[in-house]
Amino acid sequence: MQLGLIWKAILSTTAFSTLCLLTTGQQAQAASWKYSIDSFRDGTEASVIGDKSQFEFYGMAYKQTRDKLYFAFNSNLSLDGYQYKSALNGKISYGDLFLNFADTTSFDKANGKLYGIRFDQTNDTRFVSGSGKKKKVEDPKLGLYESVTATSVTTRNVGYSSLQQHTNTVNKQLKGHASYGDLAADTQYFDSSKAAFTSMASGSFLGAIEKIADFSKLGLNFAQFNAKGTYTFGFSVDKKLLPNGKFMASLFAECGNDGMVLAGELKDVPEPSLMAGLVTVGLLAASSRRRQPTQA
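Residues numbered from 1 in each chain as written. Predicted model: local features only at pLDDT ≥ 70, side-chain atom pairs only at ≥ 80, totals over all residues. Heavy atoms only, no water.

Check the secondary structure of the chain and you find 4 helices and 19 strands. Counting the 296 residues in the chain, one finds 46% classified as buried. (Helix = DSSP H or I, 4+ residues; strand = E, 2+ residues; numbered from the N terminus. Buried < 20%, exposed > 50% of the residue type's maximum accessible area, 1.4 Å probe, protein only.)

See the structure below:
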């Protein structure tokens, strides 16, 4: 009788511990976004800078679960693009998101070995192969690509010819503060004498992305950093398509009027229910050992 009561107490305690673990796991998962907050005064639109500029990027974030990798962005630039007659296709859009697992110290050294995500169908990303009459231009579908080579379309979109030109314009002429989120404007990660790498020039398709319309249940909160861009949007991708390890994620407007970088790391994330089960077994085993009768 006494042994039965003991086991009931153990099971009750274990159930409570498991519930706490699951609840804590859910809270931790909801709070697991990693943010990169950009300067709020380095997005330019002619002589306008900061929150009044339609090119102000406020921040980006990522979150990983066991199966998915999420990216989110907060910005004044609409996914419909910025209408401008002199731009390449009559509008200036977002470039592609680049993920660099190959060399987190240098974008140039990793170029050709990048992962890229096209999430904006209105942008100027095109894959060109062949030449002359055999020249083929492909409008790649939205999704994740590997073995990506990056290029720039900034000057074809009435934008900056170099990253240094953007920095000088922001800091010296418009009295703002240039940065790339997790990286300073004078970072060695980019060659500042070159234009911003905005777009994929080639790559091999790996898988689709899933656009996220509502982040309310995913715990995203740019407002805690006072990042109050007009638009918050993002997507998820199948995590197994990407390698584990440290990476640098970068995104620029097609004109190079603003851009940001996020430093992250992908790791295996255990299933919360599996962890709870292991803890339950461990608690039962430990309690059983503690309750063993003493040998005479």
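Residue-level pLDDT values for the chain average 87, and 81% of them are 70 or greater. A low-confidence stretch, residues 5-31 (pLDDT under 50), is modelled with 24 contacts involving residues beyond four sequence positions or located in other chains. Considering only residues more than four positions removed or in separate chains, one finds that residues 274-291, a stretch of pLDDT under 50, has 18 contacts. (pLDDT = per-residue confidence, 0-100. Contact = heavy atoms within 4.5 Å.)

As a further point, take the pattern of salt bridges. This structure, assessed with the given rule, holds 7 salt bridges. Among the salt bridges present, the one from Arg-118 reaches Asp-139, with a minimum N-O distance of 2.6 Å. Of the two residues, Arg-118 sits in strand β9 (residues 114-118) while Asp-139 sits in the loop between β11 (136-138) and β12 (143-151), which places them 21 residues apart along the sequence. Notably, a salt bridge pairs Arg-126 with Asp-139, separated by 3.5 Å at the nearest N-O pair. Residue Arg-126 is located in the loop between β9 and β10 (127-129), and its partner Asp-139 is located in the loop between β11 and β12; the two are separated by 13 residues in the primary sequence. The structure contains a network of salt bridges with shared partners spanning Arg-118, Arg-126 and Asp-139. (Salt bridge = Lys/Arg side-chain N within 4 Å of Asp/Glu carboxyl O.)

With respect to the helices, strands and loops of the structure, Tyr-160 is situated in the loop between β12 and α3 (163-173). Owing to a relative accessible area of 12%, Tyr-160 belongs among the buried residues under this scheme. A C-alpha to C-alpha distance of 8.1 Å links Tyr-160 and Ala-196, two positions 36 residues apart in sequence.

This next bit is on the sheet that holds strand β18 (residues 245-252). Overall, antiparallel pairing links the 6 strands, which are arranged β15-β12-β9-β8-β18-β19 in an open sheet. One side of each edge strand has no neighbouring strand; the edge strands of this open sheet are β15 (199-207) and β19 (259-266). Each strand of the sheet is rotated relative to its neighbour by a mean of 30°, with strand direction disregarded. With 4 bridges joining them, β9 and β12 adopt antiparallel strand pairing. Considered in β12, the bridge of Arg-118 is made with Gly-143. (Pairing = 2+ DSSP bridges. Axes fitted to C-alpha atoms, helices over the stretch in contact; angles between N-to-C directions.)

What follows concerns the packing of aromatic side chains. Each aromatic ring pair is characterised by the separation of its centres together with the angle its planes make. Per the stated rule, a full pass over the model turns up 30 aromatic pairs. Three or more aromatic residues link up through ring pairs in this structure, and these residues are Phe-57, Tyr-62, Phe-71, Phe-73, Tyr-94, Phe-101, Tyr-115, Phe-119, Phe-233, Phe-235 and Phe-247. Sitting over the ring of Phe-205, Lys-141 keeps its end group 4.2 Å from the ring centre. (Phe/Tyr/Trp six-rings, centres within 6.5 Å; stacked < 30°, edge-to-face > 60°. Lys NZ or Arg CZ within 6 Å of the ring centre and 35° of its normal.)

A separate point is the environment of His-166. The topology assignment puts His-166 in helix α3. Note on His-166: relative accessible area 4%, which makes it buried. Residues His-166 and Ser-192, spaced 26 residues apart in sequence, show a C-alpha to C-alpha distance of 9.4 Å. Here Asp-42 takes part through its backbone oxygen, which lies 3.0 Å from a polar atom of the side chain of His-166. There is a polar contact of 2.9 Å between the side chain of His-166 and the backbone oxygen of Asn-257. (Polar contact = N/O pair within 3.5 Å; in protein donor to acceptor, adjacent residues only side chain to side chain.)

Take the sheet that holds strand β16 (residues 209-212) next. Here 5 strands make up an open sheet; going across it, the order is β1-β4-β5-β17-β16 and the pairing antiparallel. Pairing within the sheet leaves two strands with one partner each, and these edge strands are β1 (34-37) and β16. Within the sheet, the average angular offset between the axes of one strand and its neighbour, ignoring direction, is 20°. Bridging between β16 and strand β17 (residues 231-238) involves 4 bridges; their strand directions are antiparallel. Looking across to β17, one finds that Ile-209 is bridged to Val-237.

Before going further, it helps to spend a moment on the nonpolar core. Core analysis: the biggest nonpolar cluster contains 32 residues, and Phe-71, Phe-73, Leu-97, Leu-99, Leu-242 and Phe-247 have the highest contact counts within it. Residue assignment for this core shows that the elements contributing at least two residues are β4 (57-64), β5 (68-75), β8 (97-100), β9, β17, β18 and β19. Those residues in contact with Phe-73 that lie beyond four places of it in its chain are Gly-59, Met-60, Leu-97, Phe-222, Tyr-231, Thr-232, Phe-233, Gly-234, Phe-235, Leu-251 and Met-260. Within the second largest apolar cluster, 19 residues are counted, among which are Phe-107, Leu-163, Met-200 and Phe-252. (Core = buried A, V, L, I, M, F, W, Y, C linked by side-chain atoms within 4.5 Å.)

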